[in-house]
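# Coordinates in review
Residues per chain, in single letters:
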Amino acid sequence: MLKKYLFVFFVSMVPLIELRAAVPIALGMDLPVIPSYIVCILGNMLPVPIIYLFARKVLEWGADKPVVGKFFTFCLEKGHKGGEKLKEKAGRGLFVALLLFVGIPLPGTGAWTGTLAASLLDMDFKSSVIAVLFGVVLAGIIMGLASAGLLGALGVLF
């Protein structure tokens, strides 16, 4: 059982896959819902402070390097442009916008991307981590309901 939990924990840490895949995998492995949900959240949140504190610095450092420079510069420019658009639209609701960005399980909108965006937007550390945490919790609830087939049943009612 510990091996299954460790597997789910590490899957939830993988960029782009994250908790969105780890929750259905845990349910598919017949792990208990609440403990596996907590393990998935912990695994998804573990890289968040590291991403916030170091990803921007690594991208800025590598922007002038021969092999990775163009890609790193592209990431920085794309992040700044997207961040400014998000700031304009969200205004003072940037916290909620980040929470929803991370929380609605669409491709490319997980904790990794949200944390990098928060770093590029110069959001403060505490607000960023809390918004991403609430977003991860929301994404976990949505993925758990979808995995259990409950979202499809709700769709019939509406």
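These lines cover the structure that appears in this document, whether it is placed above or below.

With that settled, the discussion passes to helix α3 (residues 33-45). Compared with an ideal rise of 1.5 Å per residue, which puts 13 residues at 18 Å, α3 spans 18 Å between its outermost C-alpha atoms and is within 8% of the ideal. Within the span of α3, buried status applies to S36, Y37, V39, C40, I41, G43, N44 and M45. Lining the buried residues of α3 we find α1 (2-11), α2 (18-28), α4 (48-62), α7 (111-120) and α8 (125-147).

Empty space within the largest pocket amounts to approximately 450 Å³. Lining the largest pocket are 16 residues, with G79, T113, L116, A117 and L120 sitting closest to its centre. Mapped by element, the contributors of at least two residues to the lining of the largest pocket are α4, α5 (69-90) and α7. For the lining of the largest pocket, the element with the highest residue contribution is α5, accounting for 6 residues. For the lining of the largest pocket, the class distribution of residues is 11 nonpolar, 4 polar and 1 charged. In this structure, the second largest pocket encloses a volume near 180 Å³. In terms of lining residues, the second largest pocket is bounded by V23, A26, L27, V33, I34, S36, Y37, C40, G140, I141, G144 and L145. Elements that contribute at least two residues to the lining of the second largest pocket include exactly α2, α3 and α8.

Here the focus is a nonpolar patch on the surface. A cluster of nonpolar side chains, I50, L53, F54, V58, W61 and F125, forms an exposed patch at the surface whose accessible area comes to about 600 Å². At 5 residues, α4 tops the list of elements feeding residues into the nonpolar patch. Topologically, L53 is positioned in helix α4.

We now examine unusual backbone geometry. Positive phi, normally seen in glycine, also occurs at E18, with a value near 50°. Relative to the helices and strands, E18 resides in helix α2.

To continue, consider the pattern of salt bridges. Within the structure shown, the criterion is met by 3 salt bridges. We note a salt bridge from E60 to R56, for which the minimum N-O separation is 3.2 Å. Residue E60 and its partner R56 are located together in helix α4, separated by 4 residues, close to a single helical turn. We classify E60 as partly exposed; its relative accessible area is 42%. For D64, the salt bridge goes to K65, with nearest N and O atoms at 3.3 Å. When its relative accessible area of 28% is taken as the criterion, K65 is described as partly exposed. Here the salt bridges share partners, and the residues they tie into one network are R56, E60 and D122.

Right, let's get into the nonpolar core. Counting 26 residues, the largest nonpolar core has L19, L98, V132 and V136 as its most contacted members. Every element with two or more residues in this core is listed here: α1, α2, α3, α6 (94-103), α7 and α8. Contact partners of V132, with chain neighbours within four places excluded, come to M45, V48, L98, V102, A111, G114 and T115. Counting residues in hydrophobic clusters, the runner-up holds 5 residues, among them L59, F72, L76 and L120.

Procedures and definitions
Residues numbered from 1 in each chain as written. Predicted model: local features only at pLDDT ≥ 70, side-chain atom pairs only at ≥ 80, totals over all residues. Heavy atoms only, no water. Helix = DSSP H or I, 4+ residues; strand = E, 2+ residues; numbered from the N terminus. Expected span 1.5 Å × (residues − 1). Buried < 20%, exposed > 50% of the residue type's maximum accessible area, 1.4 Å probe, protein only. Contact = heavy atoms within 4.5 Å. 1 Å grid on protein atoms, 1.4 Å probe; cavity = no way out; pocket = protein on both sides within 12 Å on 5 of 7 lines; lining within 4 Å. Points joined across faces, edges and corners; volume = space filled by probe spheres on them. Nonpolar A, V, L, I, M, F, W, Y, C, P; charged D, E, K, R; others polar. Patch = residues over 30% accessible without salt bridge, like charges linked within 9 Å, V, L, I, M, F, W, Y side chains within 5 Å. Areas by Shrake-Rupley, 256 points an atom, 1.4 Å probe, with all protein chains shown as cover. Salt bridge = Lys/Arg side-chain N within 4 Å of Asp/Glu carboxyl O. Core = buried A, V, L, I, M, F, W, Y, C linked by side-chain atoms within 4.5 Å.

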